[in-house]
Structure formats: structure tokens, C-alpha cells
Amino acid sequence: MPAKAGKKDKDRDDSQTSVLSGVYMFPNGDKYDGEYSRSEEGVLERSGYGQHTTAEGTVYEGNWTNDKMNGQGKLTHPSGAVYEGDFVNNMFHGRGKYTWPDGSFYEGPFVDNRMEGEGEFNDTDNQVWTGTFRYKAAPGLKFKLGL
């Protein structure tokens, strides 16, 4: 067994987090391929860039911090729905674009997985609607003419 690290060694170890890379298969059939690190408790955590694919076919490719989707990423659902943009603690949070399976999409700010703020919605006829979005409501949207 190695000797116990002194205070000097302990401080140096805390400041150096080694990033590893590999593939991990979860017991439920999910797969992670990317960068990871070891937490202070010794647990492996997704950290850095990687791709997580669920057994059902949902795929997240992007940045991870503390074993959560954080930073830029792309989440693709088996239905064909796609979100690409900012993530904070596994949620759509910041600027992003959500595309529905029918091809319509919303582009703008998200807060806690909800469309919040000034954004644009492109419908299936490629018509653009702009305005303030509040979760599922968007009263007062304006049609944007493409002249």
C-alpha cells in the first residue's frame, strides 16, 4: 500500500484532473464513448466530449461536466426530433434550435427545457413567425415576410 500523501502531494493531486477516454456499456444497454474523469469519491464521470446512446436510440453528442450534459451539444431522438444548442445540467438552457420530426423548428432561447424569450418558429410551409415565446404559449407572434 502506498504511503499516505502529504499536504503538498494532496494539493498537487487536486489540481490535476486526468481526462481519460474510452467506451462504457451500461447495464441497461446504454453506451458512452468519449472522455471521462474520476470524481473525488473515485466514481467515473462523463467529463469532456463524448457520445451517449441509449438502448432506445436517443443520442447525445457534445460536452459533459460532472456526468451531465453541459455546454454545446446535439440531442437526437428516435422520432427524428433534434435539439442542438446549449445545455446546463441535462437541460436545454441558453440558445438552441429544436426541430420537430415534421421539419418545423424553433430557434431562440431556452430556459429549463422551455422556449423562453424572443425567437423564431419556422412552420412546415417554411413560413417564419417571430415573437416572444413563453413555454407552450406565444401570444402575439408576427408573420415575417420573406420579400
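Right, let's walk through the structure included here. (Residues numbered from 1 in each chain as written. Predicted model: local features only at pLDDT ≥ 70, side-chain atom pairs only at ≥ 80, totals over all residues. Heavy atoms only, no water.)

**So, the overall build of the chain**
Defined as follows: In this description a helix means any DSSP run of H or I spanning at least four residues, a strand means any run of E spanning at least two, and both kinds are numbered starting from the N terminus. Burial classes follow relative accessibility: with a 1.4 Å probe on protein chains only, a residue under 20% of its type's maximum area counts as buried, one over 50% as exposed, and anything between as partly exposed. Only heavy atoms enter the contact rule, under which two residues are in contact if any of them lie within 4.5 Å. The protein chains shown are the only cover counted for residues, whose accessible areas, like all others here, come from Shrake-Rupley with a 1.4 Å probe.
If you tally the helices and strands in the chain, you get 1 helix and 11 strands. Mapped in sequence order, the helices and strands of the chain form the string α-β-β-β-β-β-β-β-β-β-β-β. When the 147 residues of the chain are sorted by exposure, 28% land in the buried category. Taking the intrachain contacts of the chain between residues at least 6 apart in sequence as the baseline, contacts between residues at least 24 apart amount to 4%. Accessible surface for the chain amounts to roughly 9,800 Å². Of this, 51% is attributable to carbon and sulfur atoms.

**Details of the packing of aromatic side chains**
Applicable threshold: Stacked, edge-to-face and tilted labels apply to pairs of Phe, Tyr and Trp rings (six-membered ring for Trp) whose centres lie within 6.5 Å, assigned for plane angles under 30 degrees, over 60, and everything in between, in that order. Two conditions define a charge located above a ring, namely a distance within 6 Å from the ring centre to NZ of Lys or CZ of Arg, and an angle within 35 degrees of the ring normal.
Taken as a whole, this structure holds 15 aromatic pairs when the rule is applied. Aromatic side chains Tyr-60 and Phe-87 sit 5.0 Å apart centroid to centroid with 80° between the ring planes, which places their arrangement in the edge-to-face category. Of the two residues, Tyr-60 is situated in strand β4 (residues 59-65) and Phe-87 in strand β6 (residues 82-88); the sequence distance between them amounts to 27 residues. Of the two residues examined, Tyr-60 and Phe-87, each falls in the buried class. Centre to centre, the rings of Tyr-83 and Phe-110 are 5.1 Å apart; their planes meet at 85°, and the pair counts as edge-to-face. Taken together, the residues span a long stretch of sequence, with Tyr-83 in strand β6 and Phe-110 in strand β8 (residues 105-111) at a distance of 27 residues. A relative accessible area of 0% means that Tyr-83 is categorised as buried. An aromatic cluster of at least three residues, connected via ring pairs, comprises Tyr-32, Tyr-60, Trp-64, Tyr-83, Phe-87, Phe-92, Tyr-98, Trp-100, Tyr-106, Phe-110, Phe-121 and Phe-133. For the cation-ring pair, Arg-114 lies above Tyr-135, with the distance from its terminal atom to the ring centre recorded as 4.0 Å.

**Re the environment of Tyr-98**
With respect to the element layout, Tyr-98 can be found in strand β7 (residues 91-99). On the basis of relative accessibility, which here comes to 17%, the residue Tyr-98 falls in the buried class. Here the alpha-carbon distance between Tyr-98 and Tyr-83, two residues 15 residues apart in the chain, equals 4.4 Å. Setting aside anything within four residues of it in sequence, one finds Tyr-98 in contact with Ala-81, Val-82, Tyr-83, Phe-92, Ser-104, Phe-105, Tyr-106 and Phe-110.

**Quick look at the sheet that holds β4**
What counts is decided by this rule: At least two DSSP bridges between two strands are needed for those strands to be called paired. The axes are straight lines fitted to the C-alpha atoms, using for helices just the contacting stretch, and the angles between their N-to-C directions are given from 0 to 180°.
One open sheet accounts for 11 strands, arranged β1-β2-β3-β4-β5-β6-β7-β8-β9-β10-β11; its pairing is antiparallel. At either margin of the open sheet sits one strand with a lone partner, and together these are β1 (20-25) and β11 (142-144). In this sheet, adjacent strand axes meet at a mean angle of 15° when their direction is disregarded. Where β4 and strand β5 (residues 68-76) come together, 6 bridges link them in antiparallel fashion. Each bridged residue has a counterpart across the sheet, and for Tyr-60 the counterpart in β5 is Leu-75.

**A closer look at the pattern of salt bridges**
Cut-off, in case you're wondering: In the sections that follow, a salt bridge refers to a side-chain nitrogen of Lys or Arg positioned within 4 Å of a carboxyl oxygen of Asp or Glu.
Under the counting rule described, the total for this entry stands at 3 salt bridges. Between Arg-134 and Glu-116 there is a salt bridge, and its shortest N-O distance comes to 3.4 Å. With Arg-134 in strand β10 (residues 128-134) and Glu-116 in strand β9 (residues 114-122), the pair connects residues that are 18 residues apart, well separated along the chain. Residue Arg-134 is classed as partly exposed on the basis of its relative accessible area of 45%.

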